[in-house]
Amino acid sequence: ARFAFELAPTTLAEIEAARASGWLERLSPARLGEALRRALGRPASASRVLRRLSELRLLEAIDRQLAPFGGAADRFDTALRQSNERLSAVGLADACPGRAVATFRLALLCLAFDLPAEDRGRLSLRLALQGDERRLVASGPDRVREALSRLSREVRPSSVHALFGACSDEELAVLATLDDAASSWVRREWGELRSVRLEIGGHDLIAAGFAAGPALGRALELTLEAKLDGRIGAEGELAFALRTAREPAVGA
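Residues numbered from 1 in each chain as written. Predicted model: local features only at pLDDT ≥ 70, side-chain atom pairs only at ≥ 80, totals over all residues. Heavy atoms only, no water.

Undergrad: Kindly report on helix α2 (residues 29-39), identifying the contributing residues and their values.
TA: If you check which residues of α2 are buried, you get L32, G33 and L36. Down the axis of α2, the smallest arc covering the buried residues is 95°, so these residues share one side. Summarising the geometry of α2, the exposed residues directed more than 90 degrees from the buried face are R31 and R38. Against the buried residues of α2 lie α3 (46-55), α4 (58-62), α7 (103-112) and α8 (117-126). (Buried < 20%, exposed > 50% of the residue type's maximum accessible area, 1.4 Å probe, protein only. Helix = DSSP H or I, 4+ residues; strand = E, 2+ residues; numbered from the N terminus. Arc of directions from axis to C-beta. Contact = heavy atoms within 4.5 Å.)

This is the structure:
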């Protein structure tokens with residue numbers, strides 16, 4: 001798939017024989033997971049790999065519940081293309097490679113997206129997934145759907161930014177494929193909201209006579225929310241934070 005080659009008829013026949021005989025089921029989870037990680041780890045060819053796995057019925061050989069999910073390649077292709085375009089547009093894909101969507105993780109999420117929770121757990125075991133990858137498969141689809149549901153009620157950029165803070169970039173990439181409103185918010189999160197920072201800090205409030213403590217932290221949080229929502233600019237940060245820090249409710 002990396003070089004867009006076609007498989008020889010003899011190789012196709014061997015693949016079919018291996019699949020029909022249950023050979024893949026005898027592969028250890030660690031070996032199978034590592035093979036997929038390599039095959040689906042390159043952005044330029046991962047979509048072709050995923051489609052060929054589906055066409056050759058190898059996805060269902062990995063897990064029987066993946067048989068009807070060849071459409072996962074369409075979601076994967078759209079999510080990867082859109083996310084890389086957006087990250088490139090704001091200079092993140094090249095300047096901060098670690099922020100770019102991880103191709104294998106995105107493929108996992110797309111494969112698991114329509115599976116019931118118990119089948120996601122079995123897929124994680126089948127591929128010997130650990131840590132973040134396992135959590136992504138287990139709960140990523142639920143976080144995406146919850147974010148989509150809440151977006152219909154959220155109108156403030158600060159609330160959306162906080163909501164997206166619980167999601168990985170792979171989850172946001174899939175979220176952006178679900179409807180136009182979600183796509184618009186994800187684009188705004190990556191291109192604008194993430195870069196918003198305060199010009200002031202706790203030391204400015206302490207210098208103004210406030211004691212260090214949770215109240216100052218909360219005042220800064222509220223100031224950042226106000227800046228995200230466009231209610232203040234950089235020149236109004238300190239005045240807003242001082243006024244907020246004086247309010248009794250902040251320290252309550």
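Moving on from the coordinates now.
Undergrad: Before we move on, can you summarise the environment of L178 with the specific residues and values?
TA: Relative to the helices and strands, L178 is located in the loop between α11 (169-175) and α12 (180-191). The exposure class of L178 is partly exposed, given its relative accessible area of 30%. Taking the C-alpha atoms as reference, L178 lies 8.1 Å from L148; in sequence the two are 30 residues apart.

Undergrad: I'd like a description of the nonpolar core, backed by residues and values.
TA: In this structure, L40, F76, L106, L127, L151, F164 and L175 are the most contacted members of the largest nonpolar core, which totals 54 residues. Looking at this core element by element, the count peaks at eight residues for α7. Non-local contacts of L151, meaning those with residues more than four positions away in its chain, are made with V160, L163, F164, L175, A182 and W185. Counting eight residues, the second-largest nonpolar core is a separate cluster that includes I200, L205, A241 and A245. (Core = buried A, V, L, I, M, F, W, Y, C linked by side-chain atoms within 4.5 Å.)

Undergrad: Tell me about the environment of R197, and please be specific about residues and values.
TA: Here R197 lies in the loop between α12 and α13 (202-207). Given the relative accessible area of 54%, R197 is considered exposed. The contacts of R197, once residues within four sequence positions are left out, are K227 and E237.

Undergrad: Describe in detail unusual backbone geometry, supporting the description with residues and values.
TA: Within the chain, A4 stands out as a residue other than glycine whose phi angle is a positive 60°. Structurally, A4 can be placed in the segment before α1 (9-20). Residue classification places A4 among the exposed residues on the basis of a relative accessible area of 53%. Phi is positive for R57, which is not a glycine, with a value near 60°. Within the element layout of this structure, R57 appears in the loop between α3 and α4. The exposure class assigned to R57 is partly exposed, which follows from its relative accessible area of 38%.

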